[in-house]
Amino acid sequence: MNDPDAAQEGPIPSGLRERLALVRGRVAEAAASAGREPGDITTIVVTKFHPVSLIEELHSLGVHDVGENRHQEAQAKAAALASLGLTWHFVGQVQGKKARQVRAYAQVIHSVDRVSLADALRSEESTVDCFVQVNLTDDPARGGAQPQDLDGLVERVQATEGLRLLGLMAVAPLGVEPRRAFGRVRELGERARLTAPGATFLSMGMSQDYPEAIREGATHLRIGTAITGNRPVLG
Ligand SMILES: *Cc1c(COP(=O)(O)O)cnc(C)c1O
């Protein structure tokens, strides 16, 4: 266990405050070793399956960005915590018929993965930030557009009223060196910028691989269990 990139080394602390501090420290360390400003990196705490009380606790510890991946759960939590002024990131798959509802509470949608979803998110009244999700596996169930469909999708999002494209989002596939996967996302992001010059952000890096993601230019980390502890098992 002397991999300098290992996200978890040593015992994992037991409290939320301690785990958050540990992750913040490692984000700062990885940023420094990559010659990057920690302030250019947003850590989103993914709180799926956890109760509203945990999000309140995170808020009291200075967390502003939270992520959820299931619409009904996210909608209920965002409504219950509306007074906190949190930024809600939706990181799960979005059904076309729920698109407008997700848009109503999420400030950032990380998972735009098809032209029909971009169309369903169109609005003349307001603008929502979004990422186009890339699927780095051959399994369509994983969510995300295949790399060969990316150009067309980026173009469509860019042309859609009410959407502001921030960049690309991806999950490193199992069994692939995370750093290689993230390097690929970085290259795809550079390519997307030929069509969408403002799409300069990269949403990548989770509990097990965020230091590698930072090295490849991640600007938005989506970190769950390393901060929240294990997710409660439901049903
Ligand atoms: C759950 C989830 C995360 C966080 O995963 P951890 O391994 O708990 O850090 C990040 N991104 C997406 C899309 C998720 O669904």
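As shown above, the structure is provided for reference.
For clarity, every value in this text was computed on a predicted model and none was experimentally measured.

S.K.: What should I look at first to understand the overall build of the chain in this one?
M.R.: For the chain, the helix and strand inventory stands at nine helices and eight strands. Scaling as 2.2 N^0.38, a compact globule of 235 residues should have a C-alpha radius of gyration of about 18 Å, and the chain matches this with 17 Å. If one aligns the C-alpha atoms of the chain with their principal axes, the spans along those axes are about 45 × 40 × 35 Å. A burial count over the chain gives 51% of its 235 residues as buried. The contacts in the chain between residues at least 6 apart in sequence include a share of 54% that link residues at least 24 apart. Element-wise, carbon and sulfur atoms account for 48% of the exposed surface of the chain, whose accessible area totals about 11,300 Å². Of the charged side chains in the chain, 26 are positive and 29 negative; the average position of the first set lies 3 Å away from that of the second.

S.K.: Would you explain the side chain of Glu 68 in this entry?
M.R.: Within the secondary structure, Glu 68 is located in strand β2 (residues 65-68). At a separation of 2.6 Å, a polar atom in the side chain of Glu 68 contacts the side chain of Thr 47. Once you skip the residues sitting within four places of it in the chain, Glu 68 turns out to touch Thr 47, Lys 48, Ile 55, Glu 73, Ala 74, Lys 77, Trp 88, His 89, Phe 90, Val 91 and Gly 92.

S.K.: Help me understand unusual backbone geometry, please; the structure alone is not making it clear to me.
M.R.: Glycine aside, residues mostly have negative phi angles, and peptide bonds mostly take the trans form. The phi dihedral of Phe 49 falls on the positive side, at around 75 degrees, and the residue is not glycine. Examined against the element boundaries, Phe 49 turns out to sit in the loop between β1 (42-46) and α2 (52-60).

S.K.: Is there a simple way to think about the nonpolar core in this case?
M.R.: Generally speaking, a soluble globular protein has its nonpolar side chains buried in company with each other. The biggest cluster of nonpolar side chains holds 61 residues, and the ones touching the most others in it are Ile 109, Val 157 and Leu 168. Broken down by element, the residue count for this core peaks at six residues, all from helix α1 (residues 16-33). Ignoring sequence-local partners within four residues, the contact set of Ile 109 consists of Phe 90, Val 94, Val 102, Arg 103, Leu 121, Val 128, Asp 129, Cys 130 and Phe 131.

S.K.: I'm lost on the site of the ligand in this one. Help?
M.R.: Near the ligand you find Val 46, Lys 48, Asn 69, Val 91, Met 206, Ser 207, Arg 222, Ile 223, Gly 224, Thr 225 and Arg 231, and these make up its full shell. In this structure, Lys 48 approaches the ligand through a side-chain N or O atom, which is 2.7 Å from an oxygen atom. Here Arg 222 contributes a side-chain N or O atom positioned 2.9 Å from a nitrogen atom of the ligand. Burial of the ligand by the protein chains amounts to 88% of its free accessible area of 390 Å². Put simply, the ligand lies in the largest pocket. Class assignment of the residues belonging to the shell around the ligand gives a composition of four nonpolar, four polar and three charged.

S.K.: What is the right way to look at the environment of His 50 in this model?
M.R.: Its place among the elements puts His 50 in the loop between β1 and α2. Residues His 50 and Phe 131 lie 81 residues apart in sequence; the distance between their C-alpha atoms is 24 Å. Setting aside anything within four residues of it in sequence, one finds His 50 in contact with Glu 73, Lys 77, Thr 228, Gly 229, Asn 230, Arg 231 and Pro 232. Within the structure, the side chain of His 50 is placed 3.1 Å from the side chain of Thr 228, a separation counted as a polar contact.

S.K.: What is the right way to look at empty space enclosed by the protein in this model?
M.R.: To find the voids left in a structure, one rolls a probe of water-molecule size over its atoms. Within this structure, the stated rule accounts for one cavity of 30 Å³ or more. In this structure, the largest cavity encloses a volume near 40 Å³. Looking at the largest cavity, the residues that line it are Pro 147, Leu 150, Asp 151, Val 154, Leu 188, Arg 191 and Ala 192. Where the lining of the largest cavity is concerned, the elements lending two or more residues are α6 (150-159) and α7 (178-195). Considered class by class, the residues forming the lining of the largest cavity number five nonpolar, no polar and two charged.

What counts, and at which threshold
- Residues numbered from 1 in each chain as written.
- Predicted model: local features only at pLDDT ≥ 70, side-chain atom pairs only at ≥ 80, totals over all residues.
- Heavy atoms only, no water.
- Helix = DSSP H or I, 4+ residues; strand = E, 2+ residues; numbered from the N terminus.
- Rg over C-alpha atoms; globule rule 2.2 N^0.38 Å.
- Buried < 20%, exposed > 50% of the residue type's maximum accessible area, 1.4 Å probe, protein only.
- Contact = heavy atoms within 4.5 Å.
- Areas by Shrake-Rupley, 256 points an atom, 1.4 Å probe, with all protein chains shown as cover.
- Lys, Arg positive; Asp, Glu negative; His and termini not counted.
- Charge placed at Lys NZ, Arg CZ, Asp CG, Glu CD.
- Polar contact = N/O pair within 3.5 Å; in protein donor to acceptor, adjacent residues only side chain to side chain.
- Core = buried A, V, L, I, M, F, W, Y, C linked by side-chain atoms within 4.5 Å.
- Near = heavy atom within 4 Å.
- 1 Å grid on protein atoms, 1.4 Å probe; cavity = no way out; pocket = protein on both sides within 12 Å on 5 of 7 lines; lining within 4 Å.
- Sits in = over half its atoms within 2 Å of the grid points.
- Nonpolar A, V, L, I, M, F, W, Y, C, P; charged D, E, K, R; others polar.
- Points joined across faces, edges and corners; volume = space filled by probe spheres on them.

That's the geometry; what it means functionally is another story.
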